[in-house]
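Below, each chain spelled out in residue letters.
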Amino acid sequence: MALNSKAISALRLDSEEFVPPANIEIVRDENGKATGLLREGFNLVSEIRVESSTTLKRRIILGLETCVKAGLTQVHACEGKEPGLIEAWIELAKENKLKIRVFLSIFYDAFVDLKTRNILPKQGVTFGDRLTFDRVKLFADGALGANTAALRLNKMYKKDKKKNDFYSKHYKQAPHSGIALESIESMTFKLTEIMDQGYRAEIHVIGDRAVDNTLDGLVNSGYSIEQIRKFRHILNHSQIIRKDQHQRIIDLGCSCSIQPQFVTSDAPWVYESVPDELHDALYTWKTFLDLGIPVHGGSDSPVEEILPLEAIEAAIKRSDGNGGTFMPAECLTLREALSIFTHGVAQGVRLENKIGSLLPGQLADFNILNGSLDDTSVQNWKILESFVEGKLVFKA
């Protein structure tokens, strides 16, 4: 994360009284001054952002309109403790201003805040017929691009002497195993608290050590395996999952939320960011499906653009950015790629009996496209119309 001078001043990063929260590294120059680079720290930055209810609602509507124009019939939104934000979503839902379904995942700090104020909605409650409080978001580690994904093994980096940009100059290029944002103990505590309220967890896991900490946290929660399975917790991103972790994921009833466009973006450099021993654990979606692990697709916007057909194409082609294919054995077929963005997503919100398939009795949420299931690519496909409960919400 990068901050400008005004944000550095507002957060008082150079003040002698400033004490950084745990698991946040502030990159400083040779004089000890903050450079503006943070290794993790989004919660720190959120403390200085306050907007009016009108602005919040306008921002939500504009964001949803972008999703509607992209052909989506539902979105999965993550929101934090920003004052008035949860209330803004609820008001819009009650005013019937949400054109598509919204499954809201609230950050842990927002979950605690709502619980403390005795206004935490019941898990799965729907406001109007569009907004559902579905889960609580936890972060087990950082990201591969920032060298903060929690890895079981250290990765040795070689400083690129050819680069002289600001980022290369101030960024540590030492052996590392990333940053685990939660210990097994803290993960156990938070997962237990979440399940005690009837909620399920969506856990950001990039590195394999983050997956270990999460699975250990579930096992140590005091809930039985059968009880844990009923929650159907979500491992979000699931970018590095070792073979020995597969059965544990199956046993605990977890699903994997993936973003296929990550492969296209990451393939040119990802091998250099991960120890050789973990290369065969990268983005193994086909393996997940073959093992029966539920997989659902998304974009992780704004990290990647909201382009569902591009995401489906990425799942099929897995371009390595150099004209080749990244781990070809993990490419999905067209039908598999379509499935993880339809039936798979419905599984992700535990509503596969109501949405996600064109079956009698299911809600009529669907798209009309110009493609064929006999195609091997969706590159030339176009979303013509979108419907939610049989009502037209988008027409190209």
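Keep in mind it's a predicted model, so treat the numbers as computed, not measured.

Attention now goes to the environment of phenylalanine 262. Within the secondary structure layout, phenylalanine 262 lies in helix α11 (residues 261-266). Of the residues examined, phenylalanine 262 reaches a relative accessible area of 7% and is grouped as buried. For the pair formed by phenylalanine 262 and threonine 333, sequence separation is 71 residues and the distance between their alpha carbons is 18 Å.

Moving on: the confidence of the model for the chain. Mean pLDDT for the chain: 89, with 91% of residues reaching 70 or above. Segment residues 156-173: pLDDT under 50, and 27 contacts once partners within four positions in sequence are set aside and those in other chains are kept.

Burial along strand β9 (residues 255-258) is two-sided: Ser255 and Ser257 and Cys256 and Ile258, pointing in opposite directions, are all buried. Here three bridges tie strand β8 (residues 234-237) to β9, and the two strands are oriented parallel to one another. Along β9, the bridge assignment pairs leucine 235 with cysteine 256. The handedness of the β8 to β9 crossover, carried by helix α10 (residues 243-251), is right-handed.

Let's shift gears to the nonpolar core. If you look at the biggest cluster of nonpolar residues, it comprises 93 residues, and the most contacted ones within it are Trp89, Ile106, Leu131, Phe133 and Tyr283. Ranked by residues supplied to this core, first place goes to helix α4 (residues 85-94) with seven residues. Ignoring sequence-local partners within four residues, the contact set of isoleucine 106 consists of Glu79, Ile86, Phe111, Leu114, Leu120, Phe133, Arg135, Val136 and Lys137. One finds Phe18, Ile24, Ile26 and Ala34 within the second-largest nonpolar core, a separate group that totals ten residues.

With that out of the way, let us pick up the side chain of arginine 318. Secondary-structure assignment places arginine 318 in the loop between α13 (308-317) and α14 (334-340). One buried charged side chain, arginine 318, makes no salt bridge at all; its nearest oppositely charged neighbour is glutamate 330, positioned 5.3 Å away. One polar contact links the side chain of arginine 318 to the main-chain carbonyl oxygen of tyrosine 283, over a distance of 2.8 Å. Not counting chain neighbours up to four residues away, the residues in contact with arginine 318 comprise Val263, Leu282, Tyr283, Trp285, Glu313, Gly324, Thr325, Phe326, Met327, Glu330 and Cys331.

In total, this model carries 25 salt bridges according to the counting rule given. With its nearest N and O atoms 3.4 Å apart, the salt bridge here joins lysine 99 to glutamate 65. With lysine 99 in the loop between α4 and β4 (101-107) and glutamate 65 in helix α3 (residues 53-69), this pair connects stretches of sequence that are 34 residues apart. Taking the relative accessible area as the measure of exposure, lysine 99 reaches 41% and is therefore partly exposed. Owing to a relative accessible area of 27%, glutamate 65 belongs among the partly exposed residues under this scheme. One salt bridge connects arginine 117 with glutamate 87, and the closest N-O pair in it is separated by 3.6 Å. Here the residue arginine 117 occupies a position in the loop between α5 (108-116) and β5 (126-127), and glutamate 87 occupies one in helix α4, the gap between them amounting to 30 residues. If you follow the salt bridges from partner to partner, you end up with Arg101, Asp129, Arg130, Asp365 and Glu389 in one network.

Take the state of the cysteines next. Note on terminology: a disulfide is the covalent bond linking the sulfur atoms of two cysteines. Taken as a whole and assessed by the stated rule, the structure comprises zero disulfides. With no disulfide of its own, cysteine 78 lies closest to cysteine 67 among cysteine sulfurs, the gap being 12 Å. According to the relative accessible area criterion, cysteine 78 is partly exposed, its value standing at 30%. Free cysteine: cysteine 256, not disulfide-bonded; nearest cysteine sulfur from cysteine 254 at 7.8 Å.

This part is about the side chain of glutamate 193. By the secondary structure assignment, glutamate 193 is in helix α7 (residues 184-196). Not counting the four nearest positions on each side in its chain, glutamate 193 is found in contact with Tyr108, Phe111, Val112 and Lys115.

Time to look at the packing of helix α8 (residues 208-219) against α10. The description of two packed helices rests on the angle between their axes and on the distance between the axes. Look at α8 against α10: their axes get within 11 Å of each other, and the N-to-C directions meet at 35 degrees. For the pair α8 and α10, the crossing hand works out as left-handed. Facing α8, whose interface residues are Asp208, Val211, Asp212, Leu215, Asp216 and Val219, α10 presents Gln245, Arg248 and Ile249. A breakdown of the residues in the contact of α8 with α10 according to their chemical character gives four nonpolar, one polar and four charged.

The rules behind these values
Residues numbered from 1 in each chain as written. Predicted model: local features only at pLDDT ≥ 70, side-chain atom pairs only at ≥ 80, totals over all residues. Heavy atoms only, no water. Helix = DSSP H or I, 4+ residues; strand = E, 2+ residues; numbered from the N terminus. Buried < 20%, exposed > 50% of the residue type's maximum accessible area, 1.4 Å probe, protein only. pLDDT = per-residue confidence, 0-100. Contact = heavy atoms within 4.5 Å. Pairing = 2+ DSSP bridges. Right-handed = clockwise from strand over helix to strand, strands pointing away. Core = buried A, V, L, I, M, F, W, Y, C linked by side-chain atoms within 4.5 Å. Lys, Arg positive; Asp, Glu negative; His and termini not counted. Salt bridge = Lys/Arg side-chain N within 4 Å of Asp/Glu carboxyl O. Polar contact = N/O pair within 3.5 Å; in protein donor to acceptor, adjacent residues only side chain to side chain. Disulfide = S-S within 2.5 Å. Axes fitted to C-alpha atoms, helices over the stretch in contact; angles between N-to-C directions. Left-handed = near helix turned anticlockwise from the far one by under 90°. Nonpolar A, V, L, I, M, F, W, Y, C, P; charged D, E, K, R; others polar.

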